[in-house]
Amino acid sequence: MMKERIRQILEDNLPLVDVDSDYLFAELSSLDITTIMMLLSEEYGVELGAADVTPKNFMTVDSIVEMVKRKQ
């Protein structure tokens, strides 16, 4: 369920980004990453900071889900 919700958040707020990319991080601008972090922080009540912005954490929707789960 979390994966579907995060996918929906990304699709709704970043319509030009291919959320199914195998290397999502390469498609994201710094503004996109900031937007994602803000939205996920609000949605899941987690604190995401600069240390969380790594290619590993933003590689795919699955890796974003895992990052959020670790923060909960």
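Peer 1: Please give an account of the pattern of salt bridges that cites residues and values.
Peer 2: One pass over the structure, following the stated rule, counts 4 salt bridges. For the salt bridge of D52 with K71, the shortest nitrogen-to-oxygen distance reads 3.2 Å. Residue D52 is found in the loop between α3 (30-44) and α4 (61-71), and its partner K71 is found in helix α4; the two are separated by 19 residues along the sequence.

Peer 1: So what's going on with the packing of helix α1 (residues 2-13) against α3? Residues and values would help.
Peer 2: It is the contact of α1 with α3, at a shortest axis distance of 11 Å, that shows an interaxial angle of 140°. Our classification of the angle between α1 and α3 gives oblique. Of the two possible hands of crossing, α1 and α3 adopt the one that is right-handed. Touching M2, R5, I6, I9, L10 and N13 of α1 are I36, L39, L40, E43 and Y44, all from α3. Residue composition of the contact of α1 with α3, grouped by class: 8 nonpolar, 1 polar and 2 charged.

Peer 1: Give a detailed account of the packing of α1 against α4, specifying residues and quantitative values.
Peer 2: Running from amino to carboxyl end, α1 crosses α4 at an angle of 115°, the nearest separation of the two axes being 10 Å. When the axes of α1 and α4 are compared, the pair comes out roughly perpendicular. Along this stretch, α1 crosses α4, giving a crossing that reads as right-handed. Counting all contacts with α1, which are made through M2, K3, I6, R7 and L10, the residues of α4 involved are V61, D62, I64, V65, V68 and K69. Classifying every residue of the contact of α1 with α4 by side-chain character gives 7 nonpolar, no polar and 4 charged.

Reading guide: rules and limits
- Residues numbered from 1 in each chain as written.
- Predicted model: local features only at pLDDT ≥ 70, side-chain atom pairs only at ≥ 80, totals over all residues.
- Heavy atoms only, no water.
- Salt bridge = Lys/Arg side-chain N within 4 Å of Asp/Glu carboxyl O.
- Helix = DSSP H or I, 4+ residues; strand = E, 2+ residues; numbered from the N terminus.
- Axes fitted to C-alpha atoms, helices over the stretch in contact; angles between N-to-C directions.
- Parallel < 35°, antiparallel > 145°, perpendicular 65-115°, else oblique.
- Left-handed = near helix turned anticlockwise from the far one by under 90°.
- Contact = heavy atoms within 4.5 Å.
- Nonpolar A, V, L, I, M, F, W, Y, C, P; charged D, E, K, R; others polar.

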